[in-house]
Structure formats: structure tokens, C-alpha cells
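Results of the structural survey
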Amino acid sequence: MQKISLTLSLIFCLTGAAAALPDKLGCKGDLTNPKVERVLIADRAAGVVQRISKHRLTVQTNNGPKDFYDEPPYDEQLAGVHHYFCDRREGIVLLMMNNQTLFTGLLVNEATGKITPGGESVWLSQDRRAYLASEQPDGMDGNVWSVYSIDGRKSWSGYNFIEGDGATLTAEAYLSDPVWTANGELTAEATCARNVDKKWQVKLVKKAGVWDWKPRKFCGYLRPG
């Protein structure tokens, strides 16, 4: 009886752990360091991703290998195009792509060989029909978020903050911790820029053909809407 209970407990723990797996792919660490990238490839993409040479990365797919070549100048900061392996999940490979002053990424579907836009971080929807990608333009105090269908069609793009009501681009509230709900809606946590203790949940909704984060709350200098 004790053996059966232990077995059931183990099954429950394993299925629970599988269900709790995050839907996020991300780029972490100094990927420009060949040792760091080599360890990541061996751990997450052995036999799928290979660093052929210093400036060539290859991803094996069912539709043949996909090669990614860096573009010169190679050794100048914020110049050229550079590719690095980041992450892999469920047959999807995330590559970091530093394109001059934009830190972004690419997704490679191992089953189809299709290459779609990505970011430094990517959140897959629970039904795997869409994803959110986050890019970092150099010098920008914030990120650009974009929502794509799984085949790479962009449906929305904006900053990871709610803009203030003024002539200049200012942040009324910062957005963090994006999460896809079970019914395919994108949510995030909003934090007032001038009052970090004021937080609430927002959802990306479309009204009259325009996407926006709702609900809006008064942070002290924006008319609530």
C-alpha cells in the first residue's frame, strides 16, 4: 500500500511539474562568450543547433538545415548583424539577433523550417497559436512588445508601458510579467511610474479597431479612461 502511494505521489509530482513548465523562451547570460553559448547548445539543442564557425550558426529542421550568417563589421560595437543561440522548447528554437542598434531575435520551427520574428524574450500562448516577443532598441528606456500569430504575422506592436497623456512620449505606467490566459488573451501587470506601490492587472483589448491596455487607472497625471 505504501509503495502504491509513493508511486501515485511521484506521478502527481511529475505531471504537476510538466503542467507548470513556463511558456517562455529567453536569452540569458553573455551569449557573445563562445563557452556560454556552447554550454547552452549542448544542454538544450544538441544535434539540432551547431556553431559551424565564428560567424555561422546552423539549425537542423525537417525541411533541411537553416544557416544564419553574421554580417560585417564584426568587431564594432552596435554595428553589423550577429546571431547567437538562446533557447529551445517544443521544437522551437530562439536565436538572439543583434541587428546594429536593435537587440531582437528569430524563431525557427524545427518541424517546418519556417523562420519568424522573435525577440530577446518570447512568451508562447497556451494554445500555441500566438506569441509575444520583446525587443530592446539601444538607448531606449523600455522594450518594444509585439504580438504575432504562430506563422509570424504581426497583429499588434507597442511599448511595454502605458503612455502618458501629453505631447511627449512618457510612461504613465510600466508593464511587466506578461501572461497568456487559457482563452488566448494577453495580460500584464501595470505599475504607476510615479507610485510603484500602485499595481493592477491589465489586458490587451481591441476596441473600434484599436488595441489598448485596459483598464486604465489614475496614476496622478493621466485622465482615467
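Everything numeric in this text was worked out from a predicted model, so none of it was measured.

Definitions and limits used
Residues numbered from 1 in each chain as written. Predicted model: local features only at pLDDT ≥ 70, side-chain atom pairs only at ≥ 80, totals over all residues. Heavy atoms only, no water. Pairing = 2+ DSSP bridges. Helix = DSSP H or I, 4+ residues; strand = E, 2+ residues; numbered from the N terminus. Axes fitted to C-alpha atoms, helices over the stretch in contact; angles between N-to-C directions. Salt bridge = Lys/Arg side-chain N within 4 Å of Asp/Glu carboxyl O. Buried < 20%, exposed > 50% of the residue type's maximum accessible area, 1.4 Å probe, protein only. Contact = heavy atoms within 4.5 Å. pLDDT = per-residue confidence, 0-100. Phe/Tyr/Trp six-rings, centres within 6.5 Å; stacked < 30°, edge-to-face > 60°. Lys, Arg positive; Asp, Glu negative; His and termini not counted. Polar contact = N/O pair within 3.5 Å; in protein donor to acceptor, adjacent residues only side chain to side chain.

**Things to note about the sheet that holds strand E4 (residues 66-69)**
Spatially, E2-E3-E4 is the arrangement adopted by the three strands of the open sheet, whose pairing is antiparallel. With one partner strand each, in any of the chains shown, strand E2 (49-53) and E4 form the two edges of the open sheet. With direction set aside, neighbouring strand axes in the sheet form an average angle of 25°. Bridge count between E2 and strand E3 (residues 56-59): four bridges; the pairing is antiparallel. Each residue of the ladder has a partner; that of Arg-51, found in E3, is Leu-57.

**Let's talk about the pattern of salt bridges**
Tallied over the full model, the rule gives eleven salt bridges. Where Asp-23 meets Arg-128, a salt bridge forms, and the shortest distance between an N and an O atom there is 3.0 Å. With Asp-23 in the loop between helix H1 (2-19) and strand E1 (24-26) and Arg-128 in the loop between strand E9 (121-124) and strand E10 (130-137), this residue pair connects regions lying 105 residues apart in the sequence. Using a relative accessible area of 23% as the deciding quantity, one classes Arg-128 as partly exposed. Asp-212 is the partner of Lys-214 in a salt bridge, and the nearest nitrogen-oxygen pair spans 3.8 Å. Taking relative accessible area as the criterion, Lys-214 reaches 32% and is therefore assigned partly exposed. Among the charged side chains, a salt-bridge network with shared partners connects Asp-23, Glu-90 and Arg-128.

**Observations regarding the environment of Glu-37**
Its place among the elements puts Glu-37 in helix H2 (residues 34-44). Taking the C-alpha atoms as reference points, Glu-37 and Arg-51, separated by 14 residues in sequence, lie 8.8 Å from one another. If we ignore the near neighbours within four places in the chain, the residues touching Glu-37 are Leu-31, Arg-51, Leu-57, His-83, Tyr-84 and Phe-85.

**Observations concerning the confidence of the model for the chain**
In this model, the chain carries a mean pLDDT of 88, and residues with pLDDT of at least 70 account for 87%. Scored below 50 in pLDDT, residues 1-21 shows one contact in the model against residues more than four places distant or in partner chains.

**Quick look at the sheet that holds strand E15 (residues 186-192)**
Strand order in the open sheet made by the five strands is E13-E14-E15-E16-E17, with antiparallel pairing throughout. Edge positions in the sheet fall to strand E13 (161-163) and strand E17 (210-214), since each has one partner strand and no second. When the angles between neighbouring strand axes are averaged without regard to direction, this sheet yields 35°. Across six bridges, the pairing between E15 and strand E16 (residues 195-207) is antiparallel. Residue pairing across strands places Thr-187 opposite Lys-203, the latter belonging to E16.

**Considerations on the packing of aromatic side chains**
For the structure shown, the criterion picks out six aromatic pairs. Taking the centre distance of 5.8 Å and the plane angle of 85° together, the rings of Trp-156 and Trp-213 count as edge-to-face. Placement of Trp-156 in strand E12 (residues 154-159) and of Trp-213 in strand E17 is noted, with a sequence separation of 57 residues between them. Of the residues examined, Trp-213 reaches a relative accessible area of 3% and is grouped as buried. Members of the aromatic cluster, joined through ring pairs, are Trp-123, Trp-145, Trp-156 and Trp-213.

**A short note on the side chain of Asp-70**
Structurally, Asp-70 can be placed in the loop between E4 and strand E5 (81-89). No salt bridge is formed by the buried Asp-70. Its closest oppositely charged neighbour is Arg-51, at 4.6 Å. Polar side-chain contacts of Asp-70 include one of 2.9 Å to the backbone nitrogen of His-83. With residues up to four places along the chain from it excluded, the contact list for Asp-70 reads Lys-54, His-55, Val-81, His-82 and His-83.

**What about the side chain of Asn-98?**
Take Asn-98: it is sitting in strand E6 (residues 92-99). The residues contacting Asn-98, other than those within four sequence positions of it, are Gly-80, Val-81, His-82, Tyr-84 and Phe-103.

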